[in-house]
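# A structural walkthrough
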Amino acid sequence: MSHKLKIAGWISVGALAGALTTVSLQTVARGSLAPLPLEELQQLAAVFGMVKSDYVEPVDEKKLITDAISGMVASLDPHSQYFDKKSFKEFREGTSGRFVGVGIEISQEDGLVKVVSPIEGSPAYRAGLKQNDLITKIDDTVVKGLSLSDAVKRMRGEPGTKVTLTIFRKDENRSFPATITREEIKTQSVKGKVIEPGYGWIRLSQFQERTVDDFVRKVEEIYKAEPHLKGMVLDLRNDPGGLLDAAVAISAAFLPENVTVVSTNGQLAESKFVYKAAPEYYQRRAGSDPLRRLPAALKSVPLVVLVNEGSASASEIVAGALQDHKRATLLGSQTFGKGSVQTVRPLGPDTGLKLTTARYYTPTGKSIQAKGIVPDVMVDETEEGNLFSALRTREADLEHHLTAGQGKDAARDPAREKAREEARKRAEEEAKKPVADRKMPEFGSDKDFQLVQALNQLKGRPVLVSKTQIVERKDEKKEN
């Protein structure tokens, strides 16, 4: 592996369907820069001077400069970004799987924050918060009307500080305050279990620093409970991606050693690289390779990978590698289509720049940028069809998105826009129903329709294939 190129593993998770996600590699700076456009820079300086002297109110010089940088970078593509002090800190927390807060997984229900589950051992867990509790106030702020991201920001803070949550527990029909001391939380990106005798299910919700170790431990637990596993389901639905090295490692867990997992190509010589299923391509620290602890049977156990429109970036690397090497059957819906690589470079002690520097390619040389990966078996979310998937934003829906490098992408499809409007109306009706009657069950439950179809695939039984999802499989020109 070139000494000039090391896996950095930075990630950025955006707000659109959890899928504005990046995988990255760290490159050395270019040896020389092209001559600067002096005339344009003089214009920039002139505009800066005019705003400073002529604008109706005084403006902060530093803010003008950072806003100019942000605008310049944001106009390139949806994933390039300037990080100020606050956003750089949040970015680092996202990659590490650690943050300071109370320790709960949450969603929204009727305008309130619903506790999906408290993280075991967290301050919220110790304070007695339970699944399905509703948070109605955060300190003195009423939750109704807040976005989920605003609620999260109010619950996070500095370690050792306190936040008071007002809880409504429906099954007891009572409200009560819970004062919780914030502390560093370690999130779990891996879940898994034996779903029925002979069959295991393992779900990755994100690719973080601890994902590989957690994945190995969960596989060991599954094989301890079921030593003679007949089949495994790897669930990557709604996984927005994350660290490149983690994606390479998870792929390597199932693939023969040294086969190609993913390749990258960009302007920089250092961005032209091939990642293989070997420790030197995914190990971030010295020491033993955690994958060596995995049962040898994992390399050959029949495997189904579940994907959907929310599977992006690092998830697509894994899905693409397993599909191209014919190691797994992909089942579900066409993926998000984020096939670009971002480099994160510090600009100072607490600011940075995330810049798109390459496209990545599956082992057979296909770019999935703005296209996504088409599953081998198309299966809807529910028995009634893909009720809400049209609402999910995909890469091709984003302004300024990159093409796959093979000319212009097609214009937006009017039929898709009509489907999105219909799905939006269905979602509004669905939200009015009691939780128990809603049609989208929890992933991994016995009512998870796609998981049931994955088990049917593993058992050789008939699979209820989608009648509505139609994707043309066009031969693509390979790029190297």
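Keep in mind that this is a model prediction, so the values were computed, not measured.

### Things to note about the overall build of the chain
Along the chain, the regular secondary structure elements total 10 helices and 19 strands. Nonlocal contacts in the chain, meaning residues at least 24 apart in sequence, comprise 70% of its contacts between residues at least 6 apart. When the accessible surface of the chain is split by element, carbon and sulfur atoms take 53% of a total near 24300 Å².

### Re the pattern of salt bridges
Taken as a whole and assessed by the stated rule, the structure comprises 17 salt bridges. The salt bridge involving Glu 221 is made with Lys 218; its shortest N-O contact spans 3.2 Å. With Glu 221 and Lys 218 both in helix H6 (residues 211-225), this residue pair falls 3 residues apart, about one helical turn. With relative accessibility at 47%, the residue Glu 221 sits in the partly exposed group. In this structure Lys 218 comes out as buried when scored by relative accessible area, which is 19%. Several salt bridges converge on common partners, so that one network encompasses Asp 133, Arg 169, Glu 172 and Arg 174.

### Re a nonpolar patch on the surface
A surface patch of nonpolar side chains, amounting to about 410 Å² of accessible area, comprises Leu 36, Leu 38, Leu 41 and Leu 44. The residue Leu 38 is located in helix H1 (residues 38-54) in this model. For Leu 38, a relative accessible area of 60% translates into the label exposed.

### Brief notes about the sheet that holds strand E15 (residues 303-307)
Ordered in space as E10-E11-E12-E15-E16-E19, the 6 strands form an open sheet in which the pairing is mixed. Looking at strand neighbours, the two that pair on one side only are strand E10 (190-196) and strand E19 (377-378), the edges of this open sheet. Across the sheet, helix H8 (residues 314-324) touches strand E12 (231-235), E15 and strand E16 (329-332), and the angle it forms with E15 is around 140°. The strands touched by helix H10 (residues 449-459) within the sheet are E10, strand E11 (199-204), E12, E15, E16 and E19, with E15 carrying the most contacts at an inclination of about 155°.

### Section: the packing of aromatic side chains
Throughout the structure, instances matching the rule amount to 4 aromatic pairs. When the centroid spacing of 5.5 Å and the interplanar angle of 20° are considered together, the rings of Phe 83 and Phe 88 count as stacked. When its relative accessible area of 1% is taken as the criterion, Phe 83 is described as buried. When the ring centre of Phe 443 is taken as origin, the NZ or CZ atom of Arg 237, which lies over that ring, is 3.9 Å away. The cationic tip of Lys 459 hangs over the ring face of Tyr 199; the distance from NZ or CZ to the ring centre is 5.3 Å.

### A few points about the nonpolar core
Phe 207, Phe 215, Leu 234, Phe 254, Leu 298, Val 305 and Leu 322 are the most contacted members of the largest nonpolar core, which totals 54 residues. Of all the elements, helix H7 (residues 244-254) adds the most residues to this core, at 9 residues. Ignoring anything within four residues of it in the chain, the contact list for Val 305 reads Leu 234, Leu 236, Leu 322, Ala 328, Thr 329, Leu 330 and Leu 331. Listed in part, the 17 residues of the second largest apolar core include Ile 104, Val 113, Ala 151 and Ala 178.

### Observations regarding the pairing of E10
The pairing of E10 with E11 spans 6 bridges and is antiparallel. Bridging across to E11, Lys 191 finds its partner in Arg 203. Here E10 folds back onto E11, and the loop between the two strands holds 2 residues, one of which, Gly 198, carries a positive phi near 95°.

### Remarks on H8
Because each turn of an α-helix spans 3.6 residues, side chains separated by three or four positions in sequence point in the same direction. Taking burial as the measure, the 11 residues of H8 include 11 buried ones, the bulk of the element. Packed against the buried residues of H8 are E12, H7, strand E13 (260-265), E15, E16 and strand E18 (352-361). Among the residues trailing H8, Lys 326 stands out with phi positive, at a value near 55°.

### Notes on the pairing of strand E4 (residues 112-118)
With 5 of 7 residues buried, E4 lies mostly within the body of the structure. Strand direction decides the pairing type here: strand E3 (residues 104-109) and E4, joined by 6 bridges, are antiparallel. Paired with Glu 109 across the two strands is Leu 112, which belongs to E4. Here E3 hands over to E4 after 2 residues, with Asp 110 in that stretch at a positive phi of 55°.

### What about the confidence of the model for the chain?
For the chain, the mean per-residue pLDDT works out to 81, and 78% of the residues sit at or above 70. Scored below 50 in pLDDT, residues 406-410 shows 9 contacts in the model against residues more than four places distant or in partner chains. Under a pLDDT of 50 for its full length, residues 472-480 has, in the predicted model, 15 contacts with residues more than four places off or in other chains.

### Considerations on unusual backbone geometry
For Asp 139, which is not glycine, the phi dihedral falls at a positive 55°. With respect to the helices, strands and loops of the structure, Asp 139 is situated in the loop between strand E5 (134-138) and strand E6 (141-142). You will see that Ser 313, though not glycine, has its phi angle at about 60°, which is positive. Relative to the assigned elements, Ser 313 resides in the loop between E15 and H8.

Conventions adopted
- Residues numbered from 1 in each chain as written.
- Predicted model: local features only at pLDDT ≥ 70, side-chain atom pairs only at ≥ 80, totals over all residues.
- Heavy atoms only, no water.
- Helix = DSSP H or I, 4+ residues; strand = E, 2+ residues; numbered from the N terminus.
- Contact = heavy atoms within 4.5 Å.
- Areas by Shrake-Rupley, 256 points an atom, 1.4 Å probe, with all protein chains shown as cover.
- Salt bridge = Lys/Arg side-chain N within 4 Å of Asp/Glu carboxyl O.
- Buried < 20%, exposed > 50% of the residue type's maximum accessible area, 1.4 Å probe, protein only.
- Patch = residues over 30% accessible without salt bridge, like charges linked within 9 Å, V, L, I, M, F, W, Y side chains within 5 Å.
- Pairing = 2+ DSSP bridges.
- Axes fitted to C-alpha atoms, helices over the stretch in contact; angles between N-to-C directions.
- Phe/Tyr/Trp six-rings, centres within 6.5 Å; stacked < 30°, edge-to-face > 60°.
- Lys NZ or Arg CZ within 6 Å of the ring centre and 35° of its normal.
- Core = buried A, V, L, I, M, F, W, Y, C linked by side-chain atoms within 4.5 Å.
- pLDDT = per-residue confidence, 0-100.

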